[in-house]
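Residue strings, one per chain:
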Amino acid sequence: MKLTLPWLKEHLETEATVEEIAERLTSLGLEVEEVIERGEALADFSVAYVRDARQHPNADRLRVCDVETKDGVFQVVCGAPNARTGMKGVFAPEGSVIPATGDVLKAATIRGVESHGMLCSARELQVGEDDDGIIELPDHWQIGTPATEVLGIEGPVIDLSITPDRADCFGILGIARDLAASGMGSLKFRDTSAVPASGPSGPDIRLDFLAGCEAACPLFVGRIIRGVKNGSSPVWLQRRLKAVGVRPISALVDITNFCTLDLARPLHVFDAAKLEGGIVLRLARASETLEALDGKTYKLDGEMTVIADDSGVISLGGIMGGESTGCTEATTEVLLEVALFDPLRTAMTGRKLGIESDARTRFERGLDPSFVMPGMEYATRLILELCGGEAGEPVIAGAVSDNRREIDFDLAQLPRLTGIELDGATIRNYLSALGFVVQPRDSNLHLTTPTWRHDVSTTACIVEELARLHGYDRIPPVPVTRTEAVGSTVLSSEQRRRAIVRRAIADRGFHEAVTWSFTRPEWARFFDGASPILLRNPINAEQSAMRPSNLANLLAAAANNFAKRELDGAIFELAPRFMGAGPGEQRMSLAGIRFGEASRRHWQLASRLVDVFDVKADALAVLDAAGGPADKVQIASGAGGAYHPGRSGEIKLGQKTIARFGEIHPRILAAFDLDTTVVAFDLDLEDLPKNRGKTSRAKPPLEHWPYPPSDRDFAFLVERNLPVADLLRAVRRADKKLIRDVDIFDVYEGKGIEPGKKSIALSVRLQSKQRTLTDEEIETVAERIIEAAGKSVQAVLRG
């Protein structure tokens, strides 16, 4: 939302500077993105007088001018046909930058004659489209007067970032109201009194909606204005619109754009001579189309609100008018339309058709229902003033809805929620200035919200209004203290587990990502295999489904990094994933991905791509940190879903799968345009065994036990397709008390190994808590290991 300081001051009586206003706006929650000093580009330009203009000796179309400026007289070669002795224009000195081209003006020799400076056209200064000649100024302007003053440059421009809930501040009136309420001046009002009718009323207007759809357009007002003359709008209006980035079109259209920005009151003018029969507000029919004012033809459906006459659809309600009834310079009779349209239906229509318009921006956020008639009267007055004509009686279909809310406000909530202490009189003054009706009730207040503040609905909303008017910067700092009651802690066990898990995965080199809970529907299908959970009111088409897995957005983030030449990395996210649309149909999930090379290139290390074993180790480390029995789980091949069928696995506890890991399926990588190896793991924290809260004495690490370990190596021949995890499990079970650790240090196939077999070499560490193991005990355990491996997986000890 952009506005200029002079425009704001038509609504606000204030002597504040633009800097003070910008600071106050931000403190009110209306964040100022930028203050643009539009005159800065013309700071070096000023009024000059042409003492003499004579024919160039070597060029028929050039003239040599002696130009008197504030800094002296300069010779300028000029090609403008209107350059002549005695005129005043805008002079650009050497070293100045021409706005239209960005060129730095230098002294030059043109056809043998020196030129120092330049007399400028409107297009060169970007203050108009005229490029046929230089700007001619009235004689009363003094030499040296800044160009910004004589050209009436509208500025400075304040660019605001308005949050979607503040629909009232999508008009300059609403912004001025907030400033006035905060004490920065007093509010001024436009003349919205009724315009006397001096002509016949307009066409028949009716609302024709099916039962249950009446909210699509609860109120529509039309007024015929005859005898108008449509042409270019006045210079002041054109300059004002240009200053905020709106292109002037014609007086009638410019008036509607002005009212939209000025009062947050979109309206539309139809060429009444092009209308056929009466006006009807209804839902579109499936076969209907509209050729809109943007030159595009849109196919409509039965959920879209339209304005129609006997010829068919002539406008999309709350979004854009149609080409068939658009106003031109030949227009002499208009139907001025002001209406209320359903915010949700307007937003959905705009998204379906991909139409962005100033009207849609405001209607989909909800407008002030009580301002329909004032908006009609003000726009009528502007049309009569700028275009002439006579106005008929307004024709009204529907009625104004009452959207006000009643709120009982407990004064104690303000200090409780913010720490701000305000007396009752100050609170009443603040709220009254914002438009609330304030009535004492016992020791508290009974409030009625203003019609333009549909976003205020609870006591907390009132506290927020008071806090921002008082000043967020004036909220007293309060130290946060950890107070623990008997039998309770500041963090729940689940919160502590999440913190531990975050630290554990970060310690393995992962960076945490925070992504949307939404994703693309086509991405969602990769991870749940079913129809995605679609949003009714998505932010955009690419975020229209709830994520069934955190891997979807992590892969998108990896693809974005990879496209920017970040060719390797590791990221994780701990956040909910969604299995349904109802409450509770979500699970706290941890997912992590690695992509590209496993480590940076190094002269001592051979480079390799990440593989399934990297994320297997990541998943096991998380289980161990979370208190899960990492030493008791089983590894099964094939994770299914989004994973590569032959390069993935599951981590099981009994028959329950508690984590999955592996390479991402190639077809999914292709969909994300990831041309590298990507491995991942995911698990739901709810699937991990709960910590039962038992306390135990701290156990020293194995290497600090007082009794020495003994390491024995074994090489087993097993079937080539045997999962190694099965062999490890069999070995560990041979003696659960004395076998402390089992590691693989070699896997071999080839010469000397029977076809269809492989050799797996294991290192087994034996250790006791109570004594040093004897040779006999070690040999006994070794025999048990060989026997267990043979029985469980038919492993044979190599000779």
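Residues numbered from 1 in each chain as written. Predicted model: local features only at pLDDT ≥ 70, side-chain atom pairs only at ≥ 80, totals over all residues. Heavy atoms only, no water.

K.L.:
An account of the overall build of the chain is needed here, citing residue identities and associated values.
P.N.:
When helices and strands are tallied, the chain shows 19 helices and 40 strands. Taken over the C-alpha trace, the chain has a radius of gyration of 38 Å; the compact-globule value for 799 residues is 28 Å, which it surpasses by more than 25%. Counting only C-alpha atoms, the chain reaches 120 × 85 × 60 Å along its principal axes. The buried share among the 799 residues of the chain stands at 47%. For the chain, the accessible surface area stands at approximately 40,000 Å², while carbon and sulfur atoms represent 49% of it. Where the 95 positive side-chain charges of the chain centre and where its 114 negative ones centre are 8 Å apart. (Helix = DSSP H or I, 4+ residues; strand = E, 2+ residues; numbered from the N terminus. Rg over C-alpha atoms; globule rule 2.2 N^0.38 Å. Buried < 20%, exposed > 50% of the residue type's maximum accessible area, 1.4 Å probe, protein only. Areas by Shrake-Rupley, 256 points an atom, 1.4 Å probe, with all protein chains shown as cover. Lys, Arg positive; Asp, Glu negative; His and termini not counted. Charge placed at Lys NZ, Arg CZ, Asp CG, Glu CD.)

K.L.:
Account for the side chain of Asp271, naming residues and giving values.
P.N.:
By the secondary structure assignment, Asp271 is in strand E15 (residues 268–271). At 3.1 Å, the side chain of Asp271 forms a polar contact with the backbone nitrogen of Ala273. A distance of 2.8 Å separates polar atoms of two side chains, one belonging to Asp271 and the other to Thr331. (Polar contact = N/O pair within 3.5 Å; in protein donor to acceptor, adjacent residues only side chain to side chain.)

K.L.:
How would you explain the sheet that holds strand E13 (residues 205–207) if you had to name every residue and give the values?
P.N.:
Read from one edge of the open sheet, five strands run E13-E16-E19-E20-E21, paired in mixed fashion. Here the strands that pair on one side only, and so sit at the sheet edges, are E13 and strand E21 (320–321). Sheet analysis places strand E20 (residues 312–316) next to E21, joined by two bridges and oriented antiparallel. For Ser315, the partnering residue across the bridge sits in E21 and is Gly321. (Pairing = 2+ DSSP bridges.)

K.L.:
Give a description of the sheet that holds strand E7 (residues 88–92) that names residues and reports values.
P.N.:
Spatial strand order, E6-E5-E4-E7-E10: five strands in an open sheet with antiparallel pairing. At either margin of the open sheet sits one strand with a lone partner, and together these are strand E6 (72–78) and strand E10 (118–119). One ladder, built from six bridges, connects strand E4 (residues 46–55) with strand E5 (residues 63–69); its direction is antiparallel. Across the sheet, residue Gln55 finds its bridge partner in E5, namely Arg63.

K.L.:
Describe the nonpolar core, with residues and values.
P.N.:
Generally speaking, soluble globular proteins have nonpolar side chains that are buried together. Grouped together as the largest cluster of nonpolar side chains are 77 residues, with contacts concentrated most on Ile21, Leu25, Ile175, Leu179, Ile383, Leu431 and Ile462. Once residues within four sequence positions are removed from consideration, Ile462 is found in contact with Ile407, Phe409, Leu431, Phe436, Leu447 and Val456. Ranked by size, the runner-up nonpolar core spans 27 residues in total, among them Val501, Leu574, Val622 and Phe661. (Core = buried A, V, L, I, M, F, W, Y, C linked by side-chain atoms within 4.5 Å. Contact = heavy atoms within 4.5 Å.)

K.L.:
Please provide a residue-by-residue account of the environment of Glu663, values included.
P.N.:
Tracing the sequence through the fold places Glu663 in strand E35 (residues 656–664). Taking the relative accessible area as the measure of exposure, Glu663 reaches 15% and is therefore buried. Distance from Glu663 to Thr451, taken between C-alpha atoms, is 57 Å for residues 212 residues apart in sequence. Residues contacting Glu663, with those up to four places away along its chain left out, are Ala642, Tyr643, His644, Arg647, Thr677, Val678 and Val679.

K.L.:
Requested: an account of the pattern of salt bridges, with residues and values cited.
P.N.:
Overall, the coordinates contain 52 salt bridges when judged by the stated rule. The shortest N-O distance in the salt bridge between Arg381 and Asp191 comes to 3.5 Å. Note that Arg381 is positioned in helix H9 (residues 372–387) and Asp191 in the loop between strand E12 (186–187) and E13, a separation of 190 residues in sequence. Given a relative accessible area of 23%, Arg381 falls into the partly exposed group. For Arg345, the salt bridge identified is with Glu303, shortest N-O distance 3.4 Å. On the criterion of sequence distance, the pair formed by Arg345 in helix H7 (residues 343–353) and Glu303 in the loop between strand E18 (297–299) and strand E19 (305–309) is long-range, its members being 42 residues apart. Classification of Glu303 by relative accessible area gives partly exposed; the value is 47%. Members of the salt-bridge network, linked through shared partners, are Arg166, Asp168, Asp178, Arg453, Asp455, Glu465 and Arg468. (Salt bridge = Lys/Arg side-chain N within 4 Å of Asp/Glu carboxyl O.)

K.L.:
Pulling in residues and values, what's your account of the confidence of the model for the chain?
P.N.:
For the chain, the mean per-residue pLDDT works out to 90, and 95% of the residues sit at or above 70. Overall, residues 484–488 carries pLDDT values under 50, and its contacts beyond four positions in sequence, including any with other chains, amount to two contacts. (pLDDT = per-residue confidence, 0-100.)

K.L.:
Break down the pairing of E15 for me, with residues and values.
P.N.:
Where burial is concerned, the two faces of E15 agree: the one with His268 and Phe270 and the one with Val269 and Asp271 are both buried. Where E15 meets strand E22 (residues 333–340), four bridges bridge the pair, whose relative direction is antiparallel. Of the residues in E22, the one forming a bridge with Phe270 is Leu335.

K.L.:
Break down the packing of aromatic side chains for me, citing the residues and quoting the values.
P.N.:
A full pass over the atoms with the stated rule returns nine aromatic pairs. Between Phe714 and Phe716 the ring centres are 6.0 Å apart and the planes differ by 5 degrees, which places this aromatic pair in the stacked class. For the pair Phe714 and Phe716, one class covers both residues: buried. One aromatic cluster in this structure is built from Trp7, Trp236 and Phe258. Above the plane of the ring of Trp452 lies Arg177, whose end atom (NZ or CZ) is 3.9 Å from the centre. (Phe/Tyr/Trp six-rings, centres within 6.5 Å; stacked < 30°, edge-to-face > 60°. Lys NZ or Arg CZ within 6 Å of the ring centre and 35° of its normal.)

K.L.:
So what's going on with the packing of helix H5 (residues 235–243) against helix H6 (residues 251–263)? Which residues, and what values?
P.N.:
Contact geometry for H5 and H6: axes closest at 11 Å, N-to-C directions at 50 degrees. For the element pair H5 / H6, the angle class is oblique. For the pair H5 and H6, the crossing hand works out as left-handed. Between H5, through Trp236, Leu237, Arg240 and Leu241, and H6, the contact on the second element is made entirely by Asp254, Ile255, Asn257, Phe258 and Leu261. Here the residues of the contact of H5 with H6 sort into six nonpolar, one polar and two charged. (Axes fitted to C-alpha atoms, helices over the stretch in contact; angles between N-to-C directions. Parallel < 35°, antiparallel > 145°, perpendicular 65-115°, else oblique. Left-handed = near helix turned anticlockwise from the far one by under 90°. Nonpolar A, V, L, I, M, F, W, Y, C, P; charged D, E, K, R; others polar.)

K.L.:
Please provide a residue-by-residue account of the packing of H6 against H9, values included.
P.N.:
Orientation of H6 relative to H9, taken along the N-to-C sense of each, is 145 degrees, at an axis distance of 10 Å. Taken as a pair, H6 and H9 cross one another with a handedness that is right-handed. Together, Ala251, Leu252, Ile255, Phe258, Cys259, Asp262 and Leu263 of H6 and Tyr378, Ala379, Leu382, Ile383, Leu386 and Cys387 of H9 make up the contact between the two elements.

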